[in-house]
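# Coordinate analysis (summary)
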Amino acid sequence: ARAMLGVINIVTRHTLDTLGAQASLGAGENGIRDVQARIGWGSSDASYRLTVDRRAELGLAGANGHNAISRVNLRADVRRSAQDELQLRAGSLSIDSGKGFSARPDDPLRDRYFGSGFAQLDWRRTLSEDADVALTVSHTEETHRDGFSLSLQSFGIDDSVAVDFGGRAVNDSLMLQHTWRASPALRVVWGGELRREEVKSKPLYAKDTPVVTRFTRLFGNAEWQFLNDFVLNTGAMVEQSSHSDTTLAPRFMLNWHFAPGHTLRAGTSKAYRPPSALEKFGDIRYDLQGQTLKVITAARGNIEPESLLTRELGYLARLPRLGMDLDVRVFEERVGGFVRQTTYPLATGSLLPSRPVDYVNDEDFTIQGVEYQLSWQPWRDAKLGVGQAFTDVRSRDLGSAKAAPRIATSLMLTQRLPGGMDLSLIHQDSSSVTPQGAGIGNARLISRTDLRLGVPLRWGRQTGEVALVVQNLGLPFKDFGEFFRFERRAFITLRLEN
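Quick summary incoming for the structure in this document.

Calculation rules
- Residues numbered from 1 in each chain as written.
- Predicted model: local features only at pLDDT ≥ 70, side-chain atom pairs only at ≥ 80, totals over all residues.
- Heavy atoms only, no water.
- Pairing = 2+ DSSP bridges.
- Helix = DSSP H or I, 4+ residues; strand = E, 2+ residues; numbered from the N terminus.
- Phe/Tyr/Trp six-rings, centres within 6.5 Å; stacked < 30°, edge-to-face > 60°.
- Buried < 20%, exposed > 50% of the residue type's maximum accessible area, 1.4 Å probe, protein only.

Once that is clear, we can look at the pairing of strand β21 (residues 382-394). Two faces, one strand: in a regular strand the side chains alternate between the faces of the sheet. Two strands pair when backbone bridges link them, and strand β20 (residues 357-376) and β21 are joined in this way by 11 bridges, in the antiparallel orientation. Note that in β21 the partner of Thr366 across the bridge is Arg394. The hairpin formed by β20 and β21 contains 5 residues between the paired strands, and Asp381 there has a positive phi angle of roughly 60 degrees.

Turning our eyes to something else, we now look at the packing of aromatic side chains. Tallying each qualifying case throughout the model produces 10 aromatic pairs. Considering the side-chain rings of Phe338 and Phe365, the 5.3 Å spacing of their centres and the 75 degrees angle between planes classify their relative orientation as edge-to-face. With Phe338 in strand β19 (residues 324-343) and Phe365 in strand β20, this pair connects stretches of sequence that are 27 residues apart. On the basis of relative accessible area, Phe365 is assigned to the buried category, the value being 6%.

Time to look at unusual backbone geometry. Residues other than glycine seldom take positive phi values, yet Asn30 does so here, at roughly 65 degrees. Tracing the backbone shows Asn30 in the loop between β1 (20-28) and β2 (32-42). The phi torsion at Leu227 lies on the positive side, around 50 degrees, for a residue other than glycine. Considering the arrangement of structural elements, one finds Leu227 in the loop between β12 (211-226) and β13 (230-241). Given a relative accessible area of 65%, Leu227 falls into the exposed group.

Take a look at the structure:
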């Protein structure tokens, strides 16, 4: 939520654009404690950037939602020759957070940990003025710790079992991509990827060996400009998974620039989501003294990839004389084989009656809607943004039908004030919506206004900004659970750089 007003931004700029040092601090209500530092060095042949940051807050009132996020990221850009560029990125992330509910013995209040580390190497070689080839190699590791002791007193057993949802995942990827301009009107990109995903968690899969999934992907995209005013973007991806059928995902988009600053677009695309390892092979059971006490999840593996077929019409207008940009989209999305949890009776010989969870392709349904974004400069040094989405989810499942608000509105006003100060106001409003995982009885109306006032600073050679941020200027509103509230919170940030 705090990222909305830009407390700490993820840096994506080239390392040459961020030479020197920069630091920022943030502190305020709700336990907000943020710190970030960055240093960049090097030359045009080799430049580097190291960034460290930590963010902490207490989360929603009434919830065990405290969290602290720590990150370290290193990026290096090296030009080996006029044709070759290398980019190395590496980093780590750790999240300490709260979870659980005081009234749920099977999901009690507790702390959990998530950690990850990654390294990625990108190499790009320029073959000619119209062609280049790129190679990407990446490695990611993740660790999750989440456990508690479950009392069995309610079942008449004077004992407890250790419940553990922890595990470890490893992901390796190799991708090769070739781009070339076949003519002034035609540009083509094609390539392939090999990916290996490994998940190891005896508590989740009831075995010591890891669950390994291998993906092979081939993709191609072409952009063709014809008849001066038309641009055709088309492409497809073929994906083969070791645990599901091969899929073909095509896409097609036609743009018609019928007048300066005005574009109509029409297109369709299809995408697939392969089942996760848990949906395919999950086997969660509580054991007591070597005997199965209760079976929680027993995935039978009878599940195929979800599909999403999208059709859309759009209109883009750029009106510089009016200081206005407008983007409108009408869409229909058809979800096929949506994956849901189900339960079934299972004779397992467990001590307690069990109705384990399974995952199935449960339903096909349609999502229809209209959305637009309007950007307008009504007067000097001001910018107004308006966005609305009208969405109709036609599902027989009440939770899915209310997963998106029928009407969602956002307003943003930014104003440059005398003395270089910046004022931002953001308002969000939505009709009834059920947050994912909250249950169909926890539909919520959301109305929230945030304010940010930034004042520029200069301290010797250093420049920077001090800013006041106030989130939810109105009354507290319910969020997610019945007793969880998003209250007003204010904090101050300080940023300095040279």
